[in-house]
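Here's the letter readout for the chains.
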Amino acid sequence: MKEICLKGSFLVKNNDNIRVQADISGAEPLWFELDAKYQDLIDTTSVDAFFVLYLWMAMEVGADFRVEGVVSRQLSDSVLNNVKNMFLILCPRLKDIDITILRQESFSPNNNNNCATGFSGGVDSWFTALEALETKTPFSFYFFLNTGQHGKNNVKEVVSQRADVARNALSSLGKPLIMIDSNIDFVLKEGFQQRDVIGNIACILLLQKGVSSYSYSSTYSIEDSKIIEHYDMSIMDPYLLPALSTERVKFKSIGDSVTRIKKLQYISHAEKFGKKLYVCVEKDLPIKNCGKCFKCRRTLFSLDNIGEVELIKNNFDHDLFSRIRSASLVGLFASAKKDSLDKEVADEIVKKFRFKVLHLRVVGYVWSVIKNYIPESLKWRSMKNSPYLW
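As the structure is a computational prediction, the values presented were derived from the model and not from experiment.

When you go through the chain residue by residue, the secondary structure sums to 14 helices and ten strands. Projected onto its principal axes, the C-alpha positions of the chain cover 65 × 45 × 35 Å. Going through the 390 residues of the chain one by one, you find that 56% of them count as buried. Of all intrachain contacts in the chain linking residues separated by at least 6 positions in sequence, the fraction that spans at least 24 positions is 71%. In the structure as shown, the chain presents an accessible area of about 17,500 Å², 49% of it carried by carbon and sulfur atoms.

Take a look at the structure:
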């Protein structure tokens, strides 16, 4: 059987940036890159960041995995006892493999008390940031990551513009945004959502010399979180994040007990909220909220449900929303049959408007059945022209 061997990692200066690259055989080298002024945060004593990624890659291709670099003992034990099996349950396309770890080390805990989180300017990251301020536990670092969430086309410009949007939003908190780039999306086979968590967590494992805790903004509620076969690794957040912790950095899920509408209510009333939201999955340039994709649709109806018209006008095309409102609601009701996040919003709309939206609920149900029988060629065209229906 083919073998992937992780031997270590090395640093390379790249203009004003520092790149950390895997020393690997049997696979393409992965790398991370960030501003060289943050080099002191980088962990050069272990290969933890690359370990979790090459584990996934080895399971994608069915290769045995040999690790010659140092791995934190807590992470090593967790992968062998729990994480590998969680991956197999989540994505049955993965293969069970043999893992050989030659060097394990129990590190002393960090004493820097530096806490961090990711920030994109979306609902979940805003909630995490503002709640920390309210509880007087503000974050030392805010990270903006490129691990596949920005696509593969025009990726440099998309990342640059999205980072600017996040940076401008974060300015109301008076903190800098630290950008971490990577080639993860060009090396791993599975799509971003299928393995999103490990890519993001790997970035922080890379910096565990300077970060002792990381708050991961949750996508799913605690009730919907499970270890099951699913297209989105985030479904396992409350279980996977602690399992990826090491002696030096602890990962925890934040916001999994609060609904999306409650998060938006909290955000909109927070003193430090800069009134800027960016939630869109589309990557057309220039970057903006398209108002049509499933995340824009979900956010628009959540804001509309709590009467935040000004936030809609400030962050979306309000006229477009008015024109496609009924069709978008049909799409939301149809999607709610399978998507727990859309169901959460749809249930609140039904609770508030009751019989006023009954006809749209009926149409949504019919559409949820019909779209399963639409030919792929027509489906693709419809999804491109009217994504709010999907």
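We are not done yet, so read on.
Another point: the layout of surface pockets. Within this model, the second largest pocket holds a volume of roughly 500 Å³. Forming the walls of the second largest pocket are 23 residues, and the residues nearest its centre are Asn17, Glu33, Val159, Met179 and Asp181. Listed by contribution, the elements that provide at least two residues to the lining of the second largest pocket are strand E2 (17–25), strand E3 (31–35), helix H4 (155–170) and strand E8 (177–182). In terms of residues, the lining of the second largest pocket owes the most to one element, H4, which gives seven residues. Of the residues contributing to the lining of the second largest pocket, the split by class is eleven nonpolar, four polar and eight charged.

The tally for this structure, following the rule as stated, stands at 13 aromatic pairs. Measuring from centroid to centroid gives 5.9 Å for Phe51 and Phe65, while their planes differ by 20°, and the two rings are stacked. With Phe51 in helix H1 (residues 48–61) and Phe65 in strand E4 (residues 64–72), this pair connects stretches of sequence that are 14 residues apart. For the pair Phe51 and Phe65, a shared accessibility class is recorded, and that class is buried. Ring geometry for Phe119 and Tyr142: centres 6.3 Å apart, planes at 90°, overall edge-to-face. Here Phe119, found in the loop between strand E6 (115–118) and helix H3 (123–134), pairs with Tyr142, found in strand E7 (residues 141–145); they are 23 residues apart in sequence, far enough to count as distant. The same class applies to Phe119 as to Tyr142, namely buried. Clustering of aromatic rings is evident, with ring pairs tying together Phe119, Trp126, Phe139, Tyr142 and Phe273. For the cation-ring pair, Arg19 lies above Trp31, with the distance from its terminal atom to the ring centre recorded as 3.7 Å. Lying across the ring of Phe107, Arg248 places its NZ or CZ 3.9 Å from the centre.

Now for a nonpolar patch on the surface. On the surface, Phe355, Leu358, Val362, Tyr365, Val366, Val369, Ile370 and Tyr373 cluster together into a nonpolar patch covering about 850 Å² of accessible area. Inspection of the secondary structure puts Val369 in helix H13 (residues 358–370).

On to the side chain of Ser76, then. Relative to the assigned elements, Ser76 resides in helix H2 (residues 73–90). Exposure remark for Ser76: the relative accessible area of 0% places this residue in the buried category. Setting aside chain neighbours within four positions, we find Ser76 in contact with Phe51, Val71, Ile101 and Gln104.

A few words now on the packing of helix H9 (residues 294–305) against helix H11 (residues 318–335). Orientation of H9 relative to H11, taken along the N-to-C sense of each, is 105°, at an axis distance of 10 Å. One element, H9, and the other, H11, form an angle in the roughly perpendicular class. The residues of H11 that touch H9, namely those facing Arg297, Leu300, Phe301 and Asp304, are Phe321, Arg325, Ser328, Leu329, Gly331, Leu332 and Ser335.

What counts and how
- Residues numbered from 1 in each chain as written.
- Predicted model: local features only at pLDDT ≥ 70, side-chain atom pairs only at ≥ 80, totals over all residues.
- Heavy atoms only, no water.
- Helix = DSSP H or I, 4+ residues; strand = E, 2+ residues; numbered from the N terminus.
- Buried < 20%, exposed > 50% of the residue type's maximum accessible area, 1.4 Å probe, protein only.
- Contact = heavy atoms within 4.5 Å.
- Areas by Shrake-Rupley, 256 points an atom, 1.4 Å probe, with all protein chains shown as cover.
- 1 Å grid on protein atoms, 1.4 Å probe; cavity = no way out; pocket = protein on both sides within 12 Å on 5 of 7 lines; lining within 4 Å.
- Points joined across faces, edges and corners; volume = space filled by probe spheres on them.
- Nonpolar A, V, L, I, M, F, W, Y, C, P; charged D, E, K, R; others polar.
- Phe/Tyr/Trp six-rings, centres within 6.5 Å; stacked < 30°, edge-to-face > 60°.
- Lys NZ or Arg CZ within 6 Å of the ring centre and 35° of its normal.
- Patch = residues over 30% accessible without salt bridge, like charges linked within 9 Å, V, L, I, M, F, W, Y side chains within 5 Å.
- Salt bridge = Lys/Arg side-chain N within 4 Å of Asp/Glu carboxyl O.
- Axes fitted to C-alpha atoms, helices over the stretch in contact; angles between N-to-C directions.
- Parallel < 35°, antiparallel > 145°, perpendicular 65-115°, else oblique.

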